[in-house]
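Structural features, examined
This is what each chain is made of:
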Amino acid sequence: MAAVIGARPVAGRRRRILPGFGISLGYTLAWLGLIVLIPLVGVFVKASGLGLDGLWRIWTEPRVLSALWVSFGTALAAAAFNAVMGTWVAWVFVRYRFPGKRLFDAMIDLPFALPTAVAGIALTALYGPTGWLGRWLEAAGLKVAYTPLGITVALVFIGLPFVVRVVQPVLAETERELEEAAATLGANRWQTIRRVVLPGLWPAVLAGFALAFARGVGEYGSVIFIAGNLPGVSEIAPLLITIKLEEFDYAGATAVAAAMLLLSFVLLLAINSLQSRLARTARSKG
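Residues numbered from 1 in each chain as written. Predicted model: local features only at pLDDT ≥ 70, side-chain atom pairs only at ≥ 80, totals over all residues. Heavy atoms only, no water.

Here we come to the pattern of salt bridges. Evaluation of the coordinates by the stated rule reveals 6 salt bridges. Here Asp105 and Arg165 are joined by a salt bridge, their closest N and O atoms 2.8 Å apart. Of this pair, Asp105 sits in helix H5 (residues 101-107) while Arg165 sits in helix H9 (residues 148-173), and the two are 60 residues apart along the sequence. Of the residues examined, Arg165 reaches a relative accessible area of 25% and is grouped as partly exposed. (Salt bridge = Lys/Arg side-chain N within 4 Å of Asp/Glu carboxyl O. Helix = DSSP H or I, 4+ residues; strand = E, 2+ residues; numbered from the N terminus. Buried < 20%, exposed > 50% of the residue type's maximum accessible area, 1.4 Å probe, protein only.)

As structure tokens, then:
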């Protein structure tokens, strides 16, 4: 017993609290490689066969540039809109009680369960030239269907739950005593929200923004019907990839896919870096 008690751990080895870390990490990296990394590497390997000149030639084609602009521009616009409105919706659900609250709260998750093609058909029927809202909007000079605006509407529909479900639990854990203290010190409602609530909420808002943007960039089913697919106007990059595959232009399809992957990675890396910086700032102030 004394020998056991007096024994010291071997120098250079650090015991971990959780057992099996090495095995768990190995399985995690292997699974991540099979599901995510290897397919992504395959895209770049296939696209590299074109060479830098071939890739640049495809990337600078007017149709490709227009499709990338439509996909990323509408995804960013929809994610920004959802970041504002999703936070607002989460605020209402957390801070207020009203009739039918549970029903409306459950409806937020419908875009997760609804097939994207069904959502696209429904939105087209609603905002189309003969739709319930589309006919009145076109009479007022605002065309939604078959334009980038219609694509943005579809991406707002599918992206709103991401922001609401990320921001909602953070708001629920926010201490209301801090808001009450700010009010007693003379701060108005806007000052309380801007200086007390938002600093700790920004990381969650950015996380929801990133999720909504990532979903919107590659969205196909809910967009394809309302987009109209007019080259140079409302054609999205995923559709252009599908068209090139149907034409057996596999190199061109992988080149467009590689461009989407690079742009998405750069934008998401910037968003995540900003989110981490805001989180560190909030912790230091806390």
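Scanning all chains against the criterion turns up 5 aromatic pairs. Ring geometry for Phe93 against Phe98: centres 6.2 Å apart, planes inclined by 20°, an arrangement best described as stacked. Exposure remark for Phe93: the relative accessible area of 8% places this residue in the buried category. Ring centres 5.1 Å apart and planes at 80° place the aromatic pair Phe112 and Phe162 in the edge-to-face group. Here Phe112, found in helix H6 (residues 110-113), pairs with Phe162, found in helix H9; they are 50 residues apart in sequence, far enough to count as distant. Residue Phe112 is classed as partly exposed on the basis of its relative accessible area of 42%. (Phe/Tyr/Trp six-rings, centres within 6.5 Å; stacked < 30°, edge-to-face > 60°.)

On the surface, Leu25, Leu29, Trp31, Leu32, Leu34, Ile35, Val36, Leu37, Ile38 and Leu40 cluster together into a nonpolar patch covering about 950 Å² of accessible area. Assignment of secondary structure puts Leu40 in helix H2 (residues 21-48). (Patch = residues over 30% accessible without salt bridge, like charges linked within 9 Å, V, L, I, M, F, W, Y side chains within 5 Å. Areas by Shrake-Rupley, 256 points an atom, 1.4 Å probe, with all protein chains shown as cover.)

Where H9 contacts helix H11 (residues 189-217), the two axes come as close as 8 Å, and the packing angle between them is 150°. As judged from the angle between their axes, H9 and H11 are roughly antiparallel. Along this stretch, H9 crosses H11, giving a crossing that reads as right-handed. Of the residues in H11, those touching H9 at Leu155, Ile158, Gly159, Phe162, Val163, Val166, Val167, Val170 and Leu171 are Val197, Gly200, Leu201, Ala204, Val205, Ala207, Gly208, Phe209, Leu211, Ala212, Arg215 and Gly216. (Axes fitted to C-alpha atoms, helices over the stretch in contact; angles between N-to-C directions. Parallel < 35°, antiparallel > 145°, perpendicular 65-115°, else oblique. Left-handed = near helix turned anticlockwise from the far one by under 90°. Contact = heavy atoms within 4.5 Å.)

With that settled, the discussion passes to the side chain of Thr147. Residue placement: Thr147 occurs in the loop between helix H8 (134-139) and H9. Here Lys143 takes part through its backbone oxygen, which lies 3.4 Å from a polar atom of the side chain of Thr147. Not counting the four nearest positions on each side in its chain, Thr147 is found in contact with Ile226, Ala227 and Ser234. (Polar contact = N/O pair within 3.5 Å; in protein donor to acceptor, adjacent residues only side chain to side chain.)

Another aspect to go through is the nonpolar core. Among the nonpolar cores identified, the biggest contains 59 residues, and Val167 and Leu171 are the most heavily contacted of them. Contact partners of Val167, with chain neighbours within four places excluded, come to Thr87, Ala90, Leu201, Ala204 and Val205. (Core = buried A, V, L, I, M, F, W, Y, C linked by side-chain atoms within 4.5 Å.)

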